[in-house]
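Structural overview for review
Each chain is listed here by its residues.
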Amino acid sequence: MEVKSLLQVLADLSGTRADNAKPRSTGCTMVIDKGLGLSAYQDLLQLTGEYIDFIKLAFGTATITPPQILQQKIALSKQHGIHLYFGGTFFEIAYSRRKVSEYYQMVRDLGLDWVEISDGTVTIPADTRYRLVQQACQMGLQVITEIGKKMHGYHPTVDEFASMFALDRKAGAAYVIMESRESGQNIGVYDQAGNADCVYLEKLAERIPTQYVIWEAPQVKQQVQLIQLLGNSINLGNIQPNDVMSLESLRRGLRADTLSQFLSS
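The following refers to the structure shown. Predicted, not measured: the structure shown is a model, and the values here were computed from it.

A word on the side chain of Lys 149
When you line up the elements, Lys 149 lands in the loop between β5 (142-147) and α7 (158-171). Despite being buried, Lys 149 has no salt bridge partner; Asp 119 is the closest side chain of opposite charge, sitting 4.0 Å away. Among the polar contacts listed, one links the side chain of Lys 149 to the backbone oxygen of Asp 119, at a separation of 2.5 Å. Here Lys 149 is in contact with Asp 119, Gly 120, Val 122, Thr 123, Tyr 154, Glu 179 and Ile 187, once residues within four sequence places are set aside.

Side note on the packing of helix α8 (residues 198-207) against helix α9 (residues 220-230)
Two elements in contact, α8 and α9, have axes separated by 11 Å at closest approach and are oriented at 45°. By the angle between their directions, the pair α8 and α9 is classed as oblique. Judged by the sense of rotation from one axis to the other, the crossing of α8 with α9 is right-handed. Contacts from Cys 198, Leu 201, Glu 202 and Ala 205 of α8 reach α9 at Leu 226, Leu 229 and Leu 230. Tallied by class, residues from the contact of α8 with α9 come to 6 nonpolar, no polar and 1 charged.

Let's talk about the pairing of strand β3 (residues 83-86)
On a regular strand, one side chain projects to one face of the sheet and the next to the other, so that they alternate. With 4 bridges connecting them, strand β2 (residues 54-57) and β3 associate as parallel partners. Across the sheet, the residue bridging to Ile 55 is Leu 84, located in β3.

Side note on helix α6 (residues 126-138)
For α6, which comprises 13 residues, the first-to-last C-alpha distance of 18 Å matches the rise-based estimate of 18 Å (1.5 Å per residue) to within 8%. Of the residues making up α6, those classed as buried are Thr 128, Arg 129, Leu 132, Val 133, Gln 135 and Ala 136. The buried residues of α6 occupy an angular sector of 160° when the element is viewed end-on, so they sit on one face. Pointing more than 90 degrees away from the buried face of α6 are the exposed residues Ala 126, Asp 127 and Gln 138. The secondary structure elements touched by the buried residues of α6 are α4 (88-96), α5 (100-109), β4 (114-117), β5 and α7.

With respect to the nonpolar core
Ranked by internal contacts, the top residues of the largest apolar core, which has 62 residues, are Phe 86, Tyr 103, Tyr 104, Phe 161, Leu 204, Trp 215 and Leu 236. Ranked by residues supplied to this core, first place goes to α7 with 5 residues. Leaving out residues up to four positions away in the same chain, Leu 236 has contacts with Cys 28, Thr 29, Met 30, Ile 214, Trp 215, Ala 217, Gln 223, Leu 226, Ile 227, Leu 247 and Arg 251. By size, the runner-up hydrophobic cluster in this structure holds 10 residues, among which are Met 30, Phe 54, Trp 114 and Ala 174.

Side note on the pairing of strand β6 (residues 175-178)
Of the two faces of β6, the one carrying Tyr 175 and Ile 177 and the one carrying Val 176 and Met 178 are both buried. Strand direction decides the pairing type here: β5 and β6, joined by 4 bridges, are parallel. Considered in β6, the bridge of Glu 146 is made with Ile 177. Since β5 and β6 lie parallel, the crossover through α7 that links them has a hand, and here it is right-handed. Sheet analysis places β6 next to strand β7 (residues 213-216), joined by 3 bridges and oriented parallel. Bridge pairing in β7 places Met 178 opposite Trp 215.

Considerations on the state of the cysteines
All told, the structure shown has 0 disulfides when counted by the stated rule. No disulfide involves Cys 137; its nearest neighbouring cysteine sulfur is the one of Cys 28, lying 17 Å away. By relative accessible area, Cys 137 is classed as partly exposed at 29%.

Overview of the packing of aromatic side chains
Applying the stated criterion across every chain, the model contains 7 aromatic pairs. Seen from their ring centres, Phe 54 and Tyr 85 are 6.3 Å apart, and the 85° between their planes marks the pair as edge-to-face. Taken together, the residues span a long stretch of sequence, with Phe 54 in strand β2 and Tyr 85 in strand β3 at a distance of 31 residues. Here the two residues Phe 54 and Tyr 85 agree in accessibility, since each one is buried. Taking 5.4 Å as the distance between ring centres and 85° as the angle between the ring planes, the aromatic pair formed by Phe 86 and Phe 90 counts as edge-to-face. Just as Phe 86 is buried, Phe 90 falls in that class too. Above the face of the Tyr 212 ring, Arg 169 is positioned so that its terminal group lies 3.5 Å from the ring centre.

Criteria and thresholds
- Residues numbered from 1 in each chain as written.
- Predicted model: local features only at pLDDT ≥ 70, side-chain atom pairs only at ≥ 80, totals over all residues.
- Heavy atoms only, no water.
- Helix = DSSP H or I, 4+ residues; strand = E, 2+ residues; numbered from the N terminus.
- Buried < 20%, exposed > 50% of the residue type's maximum accessible area, 1.4 Å probe, protein only.
- Lys, Arg positive; Asp, Glu negative; His and termini not counted.
- Salt bridge = Lys/Arg side-chain N within 4 Å of Asp/Glu carboxyl O.
- Polar contact = N/O pair within 3.5 Å; in protein donor to acceptor, adjacent residues only side chain to side chain.
- Contact = heavy atoms within 4.5 Å.
- Axes fitted to C-alpha atoms, helices over the stretch in contact; angles between N-to-C directions.
- Parallel < 35°, antiparallel > 145°, perpendicular 65-115°, else oblique.
- Left-handed = near helix turned anticlockwise from the far one by under 90°.
- Nonpolar A, V, L, I, M, F, W, Y, C, P; charged D, E, K, R; others polar.
- Pairing = 2+ DSSP bridges.
- Expected span 1.5 Å × (residues − 1).
- Arc of directions from axis to C-beta.
- Core = buried A, V, L, I, M, F, W, Y, C linked by side-chain atoms within 4.5 Å.
- Right-handed = clockwise from strand over helix to strand, strands pointing away.
- Disulfide = S-S within 2.5 Å.
- Phe/Tyr/Trp six-rings, centres within 6.5 Å; stacked < 30°, edge-to-face > 60°.
- Lys NZ or Arg CZ within 6 Å of the ring centre and 35° of its normal.

Just geometry here; none of it tells us what the structure is for.
Encoded structure:
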């Protein structure tokens, strides 16, 4: 049997994802780019572009990236059907300087379609946040909001998250991120060791439609836990570039950690 045919047989025997074809609305993977060079970026998309839905240019890295490289990253992302967007740092700076409208326009002028709205380091009243989400939508942008503070030990209660989630969605947000930073330790749904709070997740899943949540899960063990608990069609974010293939294998039951789920289904 030819290698290609054998691989197809094995793929057919493994788990599949109904939401595998892009553009996806669930089962999305958001990769964090903390400063990939152009060659590494091209390699990433050539190998795993089919499995990536969003790439977040982390922190304020976009402003210290050579402009020509930034433009090439934007163009490459569009070619692969990937939504590139800036992390919430820029938005929070713009909010603090009362330049949100100008920031939204800059995002559009750069050819980006998505914007992240967060208040991880600043304080934004709920009604103001609601209005800013609406404004972004009215300007033709798709919105991802983020709930949580960028400080270790911050864990929003189920009520807090569910309430803010409902407001963000009502205002027009397509997705809402559960903040867990790049460490995934002692923040959001994770304890100091980086283990997910399964009881919290189960309670939250009873309150909100989780298909609109992007769970930041920078550690592989967190990706395993979340898939085992909420299924392979959850949206996961802050995925390291070199973990994309690993995550897609988990989603399809092609790793021992999730194989039993598919074999028993």
